[in-house]
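These are the residues of each chain, in order.
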Amino acid sequence: MSVGRHVRGFTLLEVLVALAVVVLGMAAVLGALTSSADTVAYLRDKTFANWVALNQIAQVRLSGQTPQNGKSDGDVDFAGRKWHWHQEVTALQLPGMLRIEVSARPTDAATDSDRGWYATVSGIYGDAVGAPRGDSPNWGAQTLLPGSASPGTAPGLAPGGTGPTPGPQPPPAQPTPTPTPGTG
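All figures in this text were calculated on a predicted structure; none of them were measured in a lab. (Residues numbered from 1 in each chain as written. Predicted model: local features only at pLDDT ≥ 70, side-chain atom pairs only at ≥ 80, totals over all residues. Heavy atoms only, no water.)

A. Unusual backbone geometry, seen in detail. A positive phi is found at Ala79, a non-glycine position, where the angle reads about 55°. You can see Ala79 is positioned in the loop between strand S1 (70-78) and strand S2 (81-91). (Helix = DSSP H or I, 4+ residues; strand = E, 2+ residues; numbered from the N terminus.)

B. Layout of the packing of aromatic side chains. One pass over the structure, following the stated rule, counts five aromatic pairs. Arranged with centres 5.4 Å apart and planes meeting at 50°, the rings of Tyr42 and Tyr118 form a pair that is tilted. Of the two residues, Tyr42 is situated in helix H1 (residues 12-62) and Tyr118 in the loop between strand S3 (97-106) and strand S4 (119-126); the sequence distance between them amounts to 76 residues. Residues Phe48 and Trp51 carry aromatic rings whose centres are separated by 5.6 Å and whose planes lie at 50° to one another, so their mutual orientation is tilted. (Phe/Tyr/Trp six-rings, centres within 6.5 Å; stacked < 30°, edge-to-face > 60°.)

C. Representation of the sheet that holds S3 in the model. The strand order across the open sheet formed by four strands is S1-S2-S3-S4, and the pairing between neighbours is antiparallel. Lying at the two open borders of the sheet, with one neighbouring strand each, are S1 and S4. Averaged over all pairs of adjacent strands, the angle between their axes in this sheet comes to 25°, without regard to strand direction. With eight bridges connecting them, S3 and S4 associate as antiparallel partners. In the strand pairing of S4, Leu98 is matched with Tyr125. (Pairing = 2+ DSSP bridges. Axes fitted to C-alpha atoms, helices over the stretch in contact; angles between N-to-C directions.)

D. Structural detail: a nonpolar patch on the surface. A grouping of Phe10, Leu12, Val15, Leu16 and Leu19 is seen on the molecular surface, where their side chains present a nonpolar patch of about 570 Å² in accessible area. Tracing the sequence through the fold places Leu16 in helix H1. (Patch = residues over 30% accessible without salt bridge, like charges linked within 9 Å, V, L, I, M, F, W, Y side chains within 5 Å. Areas by Shrake-Rupley, 256 points an atom, 1.4 Å probe, with all protein chains shown as cover. Salt bridge = Lys/Arg side-chain N within 4 Å of Asp/Glu carboxyl O.)

E. Spatial organisation of the side chain of Gln87. The residue Gln87 is located in strand S2 in this model. Looking at Gln87, its side chain comes within polar contact range of the side chain of Gln56, at 3.1 Å. Dropping the residues within four chain positions of it, Gln87 is found in contact with Gln56, Val60, Gly70, Lys71, Ser72, Ile100, Glu101 and Val102. (Polar contact = N/O pair within 3.5 Å; in protein donor to acceptor, adjacent residues only side chain to side chain. Contact = heavy atoms within 4.5 Å.)

F. Inspection of the nonpolar core at higher detail. By size, the foremost hydrophobic cluster in this structure holds 18 residues, and its most contacted members are Ala49, Ala53, Ile57, Trp83, Ile100, Val102 and Ala104. Broken down by secondary-structure element, the contributors of at least two residues to this core are H1, S2, S3 and S4. Those residues within four positions of Ile100 in sequence are excluded, and the remaining contacts are Ile57, Val60, Pro67, Gln87, Glu88, Val89, Val121, Ser122, Gly123 and Tyr125. (Core = buried A, V, L, I, M, F, W, Y, C linked by side-chain atoms within 4.5 Å. Buried < 20%, exposed > 50% of the residue type's maximum accessible area, 1.4 Å probe, protein only.)

Next up, the structure:
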């Protein structure tokens, strides 16, 4: 004797609701993937624009000629694409020093003339004549160290105080403690 079982499946309405949920989920995933791809492409272009601007500053520095104050524009091919750069050179308050600011973007980027730069880089050109540099020590200066009687007698200096003595230096002598009466 077999008892009849009634097996129930999904109704058409349940299947349609499930498909609608799957479609909405897939649309969200595709939207996130598209947004991510757009972001990656924008960041790639931003990085390339930064390199274009840095290359332009390097070319100005390597040209050997002092750039003229003012604005200039140009185009360059880089990474299989055409890029537009805008350069502005201004004099600084320090004589002999110039500030170079370069902005770059792809030429096919739909932007207005002064906005929409993907990268802007600043650099310095020149040499401040007569200004202290601070990057190299003045070995000829005579300095009195604490405990030295006159220039050139400080430990570690060659006679006359003109520079360090060659070779290793012995450590400074340590005072010897004197015993106190009554201690063991």
